[in-house]
Amino acid sequence: AAGAVSLWVKTEPFLLGALRAPPPAKLGRHYLRKMAAYARARAAEGCFPRLAWPRWRHIACGKLQLGRGLAWLYFELFDSLARRDPPRRLEWAEAEAACAGAEELERERSKAGAPSPPLPGPGDTLQFLLFLYIQQLNKVSLRTSLIGEEWPSPRTKSPNLTGKSASQNKNWNDQDHQAFVQSHLSDMLELLLEPDQLTASSHSAHSSLVSYEAVCALSFLIEGTVNKSRTVHPLHELALWQPFHGKNGYSKISKAFSFTKLESWIRSCLTTNPFGMTACLKSGKKLAWAQQVEGTTRRAKIACNTRVVPEVFPMVVMSQVYKQTLAKSSDTLVGAHVRIHRCNESFIYLLSVTIEKCRNSTFVLGPVQTSVHVHSCDNVKVITVCHRLSLSSTTGCTFYILTPTQPLILSGNQAVSFAPFHTHYPMLEDHMAQVGLATLPNYWDSPMLVCRESSDTSVFRLLPPSEFYTFVIPFEMEGDTTETPGGLPRAYQKALSQREQKVQIWQKTVKEAGLTKHQRKQFQMLVENKFYEWLVQTGNRQQLDSLVPPAVGSKQAAG
């Protein structure tokens, strides 16, 4: 029996790989076809079957008119998606941090063509073409804009947490991923064809054959299972399975697939990703991490698709956490994709990420191996060590970060502040090493303005040292980290030291004032009252109150 094959589109290439901004015009289908032909014709020069950085730089800057910064962004983003090896990342961080300037850094990047570079190395050319193609996910369509389904406003709709697909956050929405592949499958297959299988107009013919290598490349986007088994296989392994040859047109003689049969077989087997957000919200495990706040009608929801199979990264979705402090250090969060949605006036500590439609909240994230994306948020503070930070449609947000890549400012941002990462907890350096994040290089103060409309540098500022205060994570745990990893830039450290000096002078003044016991008691009450007034006026009282552990009877659920 042939068995029933279920294929689905993988979440990660779209969630982490597709920049959340309209792609440059020259990354369209026509130019990518030209690039595919160019790369194949220059296999001897390091373009095919693997594409080295110097060759991609030449194609991107010389042929596609991309800036060098954007060219490197795509190259490094693809590499970080394809290979996540923490020791290799740390090795590259050390090499990059040792570079004295831009020229030396470029020479180091050009070594990426060597047989075993630290990072990033030559990537699979066909997979890289697909990676560039899926940047079209966030392309704004004039036609759909005119009929009202889509408009490039700073406040586009995002997936709601009922699992309905009336949303525009396409990077998270697996239904959008599936629709994209269904719509563009023929184009993507044509992009992977060898030149002799294309017509003069660069299209497929009825007799075109798809090589096994091309199907391996398509496994970058598609995986599946047989008979709803718990074992997940990449597309090329399933396609080679004997019982499916009749349907997908594989020939043992040519070691290739019939274009029309393969396309038809993939289309007929494509289904909803069983590990995507839709499934997570529909049938995922509900986690009772957030307490219900008295007097509020909003219902906090936290769900996760538990580790159903080891090959798939888990997903956690948090919604509508309102007026409370939530702290979790949980195995559920290790290696998980976390989406925080519509949280207001909360302080969320994830000692382990898309943060979306949140207001007046503070997010303290443990080291994030891939990316933190902040979208459609007002007045939030994000404190994190992460591989990449990107932001879109934010207003008045402050980012205290340590990151080895330039923060990406996409469209629709106003009044963004960047500051150095300024906190620690005992296990922080251990967690950083586990995900391959080092203290250098640190590009917290060198954001990249990705979208043409955000090329105005006035959308961001570096937080003045006079407004800079350290942040204390108010939880106890075992570990060796006792200070902010890498320390603080001199100007910020100086501001803190001057403030500390003022406190010491104040304490000395009080000590030497010669107050009687009764006067000291009165003075203490006066200071405490003023402090309480300040807590209430600034809203900080709520934060302190919510740090009090819940009573034994209302203990938060584990998980």
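Residues numbered from 1 in each chain as written. Predicted model: local features only at pLDDT ≥ 70, side-chain atom pairs only at ≥ 80, totals over all residues. Heavy atoms only, no water.

The name given to the chain in an unreviewed UniProt entry is TBCC domain-containing protein 1, with the source organism recorded as Casuarius casuarius. Regarding the chain, the UniProt comment filed under Sequence similarities (unreviewed entry) reads as follows: "Belongs to the TBCC family." (UniProt positions renumbered as here; feature names shortened; annotations may be inferred.)

Judged by nonpolar contacts, the single largest core of 80 residues is most densely connected at Leu7, Met35, Trp56, Trp265 and Ile266. Counting residues per element, this core draws most heavily on helix 4 (residues 68-82), at 9 residues. In this view, Met35 contacts Leu51, Trp56, Ile59, Leu64, Phe128, Leu129 and Leu132; residues no more than four positions away in its chain are not counted. With 46 residues, the next largest nonpolar core counts Tyr400, Ile401, Ile409 and Tyr425 among its residues. (Core = buried A, V, L, I, M, F, W, Y, C linked by side-chain atoms within 4.5 Å. Buried < 20%, exposed > 50% of the residue type's maximum accessible area, 1.4 Å probe, protein only. Helix = DSSP H or I, 4+ residues; strand = E, 2+ residues; numbered from the N terminus. Contact = heavy atoms within 4.5 Å.)

A few words now on the pattern of salt bridges. Using the criterion set out here, one finds 10 salt bridges in the structure. Notably, a salt bridge pairs Arg29 with Asp187, separated by 3.0 Å at the nearest N-O pair. One end of the pair, Arg29, is in helix 2 (residues 29-41); the other, Asp187, is in helix 9 (residues 174-192), and 158 residues separate them in sequence. Taking the relative accessible area as the measure of exposure, Asp187 reaches 15% and is therefore buried. The salt bridge partner of Arg33 is Glu190, with a shortest N-O separation of 2.3 Å. In this pair, Arg33 is assigned in helix 2 and Glu190 in helix 9, connecting sequence segments 157 residues apart. Note on Arg33: relative accessible area 16%, which makes it buried. Salt bridges sharing partners connect three or more residues here, namely Arg29, Arg33, Asp187 and Glu190. (Salt bridge = Lys/Arg side-chain N within 4 Å of Asp/Glu carboxyl O.)

Our focus in this paragraph is the sheet that holds strand 5 (residues 222-226). With respect to topology, 3 strands assemble into an open sheet ordered 1-5-6, the strand pairing being antiparallel. Both edges of this open sheet fall to strand 1 (5-9) and strand 6 (233-234), since each of them pairs with a single strand only. Both strand 1 and strand 5 contribute to a ladder of 5 bridges, which runs antiparallel. Paired with Leu7 across the strands is Gly224, a residue of strand 5. Along the sheet, helix 13 (residues 259-269) contacts strand 1 and strand 5; its crossing angle with strand 1, the most-contacted strand, is approximately 85°. (Pairing = 2+ DSSP bridges. Axes fitted to C-alpha atoms, helices over the stretch in contact; angles between N-to-C directions.)

Taken together, 3 strands build an open sheet; the order of strands is 4-8-7 and the sheet is antiparallel. Both outer strands of the open sheet, strand 4 (209-211) and strand 7 (250-251), are each paired with one neighbouring strand and no more. Across 3 bridges, the pairing between strand 4 and strand 8 (residues 256-258) is antiparallel. Looking across to strand 8, one finds that Val210 is bridged to Phe257. Against the sheet, helix 13 engages strand 4 and strand 8, with an angle of about 80° to strand 8.

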